[in-house]
Amino acid sequence: MKEDVIMKKRLIAGAAAVALGLGLAPAATAQEQLSTAEVATLSRMRDEERMARDLYQAFIDAYGSVRPFSNIVYSEQRHYDAIGTMLDRFGVDDPSAGLPTGTYADAEIQALYDSWLAQGSTSLRDAYAVGVELETADIADLEDAIDESGNASLDATYQNLLDASRNHLSAFQRASSGGGMGGGGMGGGFRWRGGWG
């Protein structure tokens with residue numbers, strides 16, 4: 001009997017691991033319900049990741065398949081999908097549902113998109129500078145999100161996005177400095193908002 005219980009627990013754990021590996025996150029348990037602040041952060045992150053993807057694709061459309069945009073745009077799609085998995089897991093409405101490219105539910109994100117698109121459309125070097133500003137802001141906001149979250153699943157997702165954004169920032173700093181994928185950068189203190197919540 002005890003062996004049956006152990007076997008069932010192993011089967012459940014194995015099924016959960018397979019589901020997570022396929023991006024099929026199980027529904028949240030009552031103990032995993034999010035706070036109002038966590039829901040707001042998660043919703044905003046969905047729009048932010050879509051904005052990054054849309055901006056980088058707009059720059060590819062304008063300048064051709066240049067690096068690092070041509071690499072990072074795929075990563076931003078994965079970020080967007082990862083946040084979507086968390087929205088599904090916790091039963092949070094998708095703020096991006098039904099909205100066309102370049103249109104966002106959050107007015108501040110919309111203003112940032114419009115401003116950064118205009119800035120990056122003047123030259124490829126300016127587009128790289130937008131990448132620096134955007135990734136710097138994303139890093140700061142992800143760090144805040146991790147600090148304020150009390151949920152292990154969200155923390156793990158945000159940490160993965162944070163690690164990738166740090167790599168993206170380095171690539172854009174190198175490109176912005178004229179090294180193609182090399183050195184310096186700008187946008188050090190910029191954030192898309194003062195905090196999460």
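As a reminder, the structure under discussion sits directly above these lines.
These lines cover the structure that appears in this document, whether it is placed above or below. Values in this document were obtained by computation on a predicted structure and should not be read as measured data.

## Focus on the nonpolar core
Core analysis: the biggest nonpolar cluster contains 39 residues, and Leu-42, Met-51, Leu-55, Tyr-56, Phe-69 and Tyr-158 have the highest contact counts within it. Where this core is concerned, the elements lending two or more residues are helix H2 (36-63), helix H3 (69-90), helix H4 (107-120), helix H5 (124-148) and helix H6 (152-176). For this core, the element with the highest residue contribution is H5, accounting for nine residues.

## A closer look at the pattern of salt bridges
Side chains carrying opposite charge are able to pair once their charged atoms draw close together. Evaluated as defined, the whole model comprises nine salt bridges. Among the salt bridges present, the one from Arg-44 reaches Asp-106, with a minimum N-O distance of 2.6 Å. Placement of the pair is Arg-44 in helix H2 and Asp-106 in the loop between H3 and H4, with a sequence separation of 62 residues. Relative accessible area serves as the criterion here: at 22%, Asp-106 is assigned to the partly exposed category. Close ionic contact of Asp-47 with Arg-50 constitutes a salt bridge, the shortest N to O distance being 3.7 Å. Placement of the pair is Asp-47 and Arg-50 together in helix H2, with a separation of three residues, close to one helical turn. Residues Asp-47 and Arg-50 agree in their burial class; the two are buried.

## Quick notes on the packing of H2 against H4
For any two helices packed against each other, the geometry is given by the interaxial angle and the distance between the axes. Interaxial distance between H2 and H4 falls to 10 Å at its minimum, and their mutual angle equals 20°. Of the possible angle classes, the one that applies to H2 and H4 is roughly parallel. Along this stretch, H2 crosses H4, giving a crossing that reads as right-handed. Across from Arg-44, Asp-47, Glu-48, Met-51, Asp-54, Leu-55, Ala-58, Phe-59 and Tyr-63 in H2, the residues of H4 making contact are Glu-108, Ile-109, Leu-112, Tyr-113, Trp-116, Leu-117 and Gly-120. Of the residues assigned to the contact of H2 with H4, the class counts are ten nonpolar, one polar and five charged.

Conventions and cut-offs
Residues numbered from 1 in each chain as written. Predicted model: local features only at pLDDT ≥ 70, side-chain atom pairs only at ≥ 80, totals over all residues. Heavy atoms only, no water. Core = buried A, V, L, I, M, F, W, Y, C linked by side-chain atoms within 4.5 Å. Buried < 20%, exposed > 50% of the residue type's maximum accessible area, 1.4 Å probe, protein only. Helix = DSSP H or I, 4+ residues; strand = E, 2+ residues; numbered from the N terminus. Salt bridge = Lys/Arg side-chain N within 4 Å of Asp/Glu carboxyl O. Axes fitted to C-alpha atoms, helices over the stretch in contact; angles between N-to-C directions. Parallel < 35°, antiparallel > 145°, perpendicular 65-115°, else oblique. Left-handed = near helix turned anticlockwise from the far one by under 90°. Contact = heavy atoms within 4.5 Å. Nonpolar A, V, L, I, M, F, W, Y, C, P; charged D, E, K, R; others polar.

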